[in-house]
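Residue-level structural notes
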Amino acid sequence: CLPCGSGAGMDARLDLETTRWLLWDKNPLTLELVKQLIVEDNTEELQKCFGAQMEFGTAGLRAAMRAGISRMNDLTIIQTTQGFCRYLEKQFSDLKQRGVVISFDARAHPSSGGSSKRFARLAATTFISRGIPVHLFNDVTPTPFVPYAVSHLKLCAGIMVTASHNPKQDNGYKVYWDNGAQIISPHNKGISQAIEENLEPWPQAWNDSFVDGSSLLHNPSASVSKDYFEDLTKYCFHRSVNRESQVKFVHTSVHGVGHDFVQSAFKAFDLVPPEVVAEQKDPDPEFPVVKYPNPEEGKGVSTLSFALADKTKAKIVLANDPDANRLAQNRGEWRITVSSKILRAIALKEGFHFEETLTGFKWMGNRAKQLIDQGKTVLFAFEEAIGYMCCPFFLDKDGVSAAVIRAELASFLASKNLSLSQQLQAIYVEDLTTGYDDTVLPTSKSSQMITFTFANGGAATMRTSRTEPKIKYYAELCVPPGNSDPEQLKKELNELVNAIEVHFFQPQKYKLQPKAE
């Protein structure tokens, strides 16, 4: 018999949630875990697992893989997809003609039986049970392939099962709308309400095997990959230079999905493919040789890359995050290229239209679509968290195209006897003065972000991470022409950063820990 959820230390909420869980969960691993917690009357752990339903935000879902309504697992994926499906049915009268696309990364959590591929199949099962076509990739892909497929195949929505650069125990569920951009409000609120109204699994919810023979299931892997690289080659502007280039690159996919796709991108541009960090080449949910699979973490994530670069005499290291939608690059020492006010100055100087949105490609992608619909050509978008949209044939950040375009730029500059660092330095010291900066920064009640500007030309933006327990901050210094002593400016910027850390964050008072690496 099943243990009931009425241990002495449990409140009514936990009793309700655990009782429903025992009725609805058909995954033997997570079901047994919950039974054991109830038998042990482990209220503390039950509270962690069942204290609150995961909140479906504009970034979708992201949490650890484990049992419970506050975790990523088979049942919460089914519930989420049922709500999303119902919401789409209300929004699109032609949903059964157009359909959706679903893909996944390589994450897996054996102890709970969860994996990105498993979650993607359960999501596909939900839609197909309602007569909705599903384009389900049959193998891991970069996240950018989902918004590309939404736009390219004119679908109603897309789902990517990934936790990007989060720790290995996490997973996520990212949603794209029919415009090819990540969802923004009010869609997240409507989806959340629909999830709450569809918590009990539908009759076919757990039977993912029936989709294999369904005429509604399509595998877009080959066609989407072919079309993506054909579209990408339209942004290759120096093919003859690429063929002759002697610039050497190292690439790491940090145990993620990016290797094959970056190799293909280099070949599409007639560039010699980069040297590969063999230990990090293949997708591996354990991320065995990195503590944090995030290129923003700097040298700790790229020790092997630097060693290979030294061995092969490569000048540039390119690093994708595990779902290959972001890109970091080194320039002799490890540096992360982040958003900068200098882009606005360049745009004004050169006569381009410039806009600043809230942090995140959900805002940039949707705004880019509005500008495109107005007849404008969107050239580029980027965010401070090493995300770049270099090829706006779809509306999200893409580490694959960013890698090969960065490589072509380096090769082109090398043909002029310039390095990326030299070109960047030339931009830094150029007179980009355009008059008074009257930019009004965008705001949102939901964005936990604040930007300070200082009398010396410094600016610092601080924000909480949307997916990890972190506070991130980015600082830069912009001074008038003629005041261009790099060492003095670095010293002044470092002093500003140190003051921010000590006086703004007060780490000792609030027990904040600095980044380990």
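Residues numbered from 1 in each chain as written. Predicted model: local features only at pLDDT ≥ 70, side-chain atom pairs only at ≥ 80, totals over all residues. Heavy atoms only, no water.

An unreviewed UniProt entry lists the chain under the name Phosphoglucomutase 2, from Propithecus coquereli. In UniProt, the chain has this text filed under Subcellular location (unreviewed entry): "Cytoplasm". Regarding the chain, the relevant UniProt record gives this comment under Sequence similarities (unreviewed entry): "Belongs to the phosphohexose mutase family." (UniProt positions renumbered as here; feature names shortened; annotations may be inferred.)

Residue position: threonine 359 is located in the loop between helix H13 (342–350) and helix H14 (361–373). Distance in space between the C-alpha atoms of threonine 359 and arginine 463 is 9.1 Å, their sequence separation being 104 residues. (Helix = DSSP H or I, 4+ residues; strand = E, 2+ residues; numbered from the N terminus.)

By the element assignment, aspartate 323 lies in the loop between strand S11 (316–320) and strand S12 (327–329). The buried charged residue aspartate 323 lacks any salt bridge, with lysine 174 as its nearest oppositely charged partner at 5.0 Å. Side-chain polar atoms of aspartate 323 contact the side chain of threonine 143, separated by 2.6 Å. Contact partners of aspartate 323, with chain neighbours within four places excluded, come to Pro142, Thr143, Pro144, Thr162, Ser164 and Val257. (Buried < 20%, exposed > 50% of the residue type's maximum accessible area, 1.4 Å probe, protein only. Lys, Arg positive; Asp, Glu negative; His and termini not counted. Salt bridge = Lys/Arg side-chain N within 4 Å of Asp/Glu carboxyl O. Polar contact = N/O pair within 3.5 Å; in protein donor to acceptor, adjacent residues only side chain to side chain. Contact = heavy atoms within 4.5 Å.)

What follows covers the domain arrangement of the chain. Domain assignment breaks the chain into domain 1 (9–207), domain 2 (235–429) and domain 3 (449–504). Averaged C-alpha coordinates put domain 2 and domain 3 at centres separated by 23 Å. (Domains from an automatic or database assignment.)

When the UniProt feature table is mapped onto this chain numbering, "domain: Alpha-D-phosphohexomutase alpha/beta/alpha" (unreviewed entry) sits at residues 54–199, 227–328 and 335–427. End-to-end, the C-alpha atoms of residues 54–199 are 13 Å apart, and along that stretch the chain is 37% helix and 19% strand.

All right, on to the pattern of salt bridges then. Counted by the stated rule, this structure contains 25 salt bridges. Across the pair glutamate 45 and arginine 66 runs a salt bridge whose closest N-O atoms are separated by 2.6 Å. Placement of glutamate 45 in helix H3 (residues 43–50) and of arginine 66 in the loop between strand S1 (61–64) and helix H4 (74–91) is noted, with a sequence separation of 21 residues between them. Looking at glutamate 45, the relative accessible area reads 19%, which means it is buried. Relative accessible area serves as the criterion here: at 26%, arginine 66 is assigned to the partly exposed category. Measuring nitrogen to oxygen at the nearest pair gives 4.0 Å for the salt bridge that ties lysine 490 to glutamate 487. Placement of both lysine 490 and glutamate 487 in helix H17 (residues 486–505) is noted, with a separation of 3 residues, approximately one turn of the helix. We classify lysine 490 as partly exposed; its relative accessible area is 41%. Each of Asp74, Arg118, Arg121, Asp208 and Asp212 takes part in salt bridges that share partners, so that together they form one network.

Moving on: the environment of phenylalanine 394. Position of phenylalanine 394 among the secondary structure elements: in the loop between strand S14 (387–389) and helix H15 (399–415). A residue is classified by how much of its surface remains accessible, and phenylalanine 394, at 2% relative accessible area, is buried. Taking the C-alpha atoms as reference, phenylalanine 394 lies 27 Å from valine 250; in sequence the two are 144 residues apart. Excluding anything up to four places from it in sequence, phenylalanine 394 contacts Pro144, Pro147, Tyr148, Tyr228 and Met389.

What follows deals with the confidence of the model for the chain. Per-residue confidence for the chain gives a mean pLDDT of 89, with 90% of residues at or over 70. Note on residues 334–339: pLDDT is under 50 here. Beyond four places in sequence and across chains, it has 27 contacts. (pLDDT = per-residue confidence, 0-100.)

This paragraph deals with the pairing of strand S7 (residues 170–176). With 7 of 7 residues buried, S7 lies mostly within the body of the structure. In this sheet, S7 lies alongside S1 in antiparallel orientation, the contact comprising 4 bridges. Note that in S7 the partner of alanine 63 across the bridge is asparagine 171. As paired strands, strand S6 (residues 157–161) and S7 are joined by 4 bridges and run antiparallel to one another. Residue pairing across strands places isoleucine 159 opposite valine 175, the latter belonging to S7. (Pairing = 2+ DSSP bridges.)

Right, let's get into empty space enclosed by the protein. Evaluated as defined, the whole model comprises 3 cavities of 30 Å³ or more. Reported here for the second largest cavity is a volume of approximately 60 Å³. Along the walls of the second largest cavity sit Glu17, Arg20, Trp21, Trp24, Gln53, Ile69, Leu75, Gln79 and Leu199, which together make up its complete lining. Secondary structure elements with two or more residues in the lining of the second largest cavity: helix H1 (12–24) and H4. Sorting elements by how many residues they give to the lining of the second largest cavity places H1 first, with 4 residues. Here the lining of the second largest cavity is composed, by residue class, of 5 nonpolar, 2 polar and 2 charged. (1 Å grid on protein atoms, 1.4 Å probe; cavity = no way out; pocket = protein on both sides within 12 Å on 5 of 7 lines; lining within 4 Å. Points joined across faces, edges and corners; volume = space filled by probe spheres on them. Nonpolar A, V, L, I, M, F, W, Y, C, P; charged D, E, K, R; others polar.)

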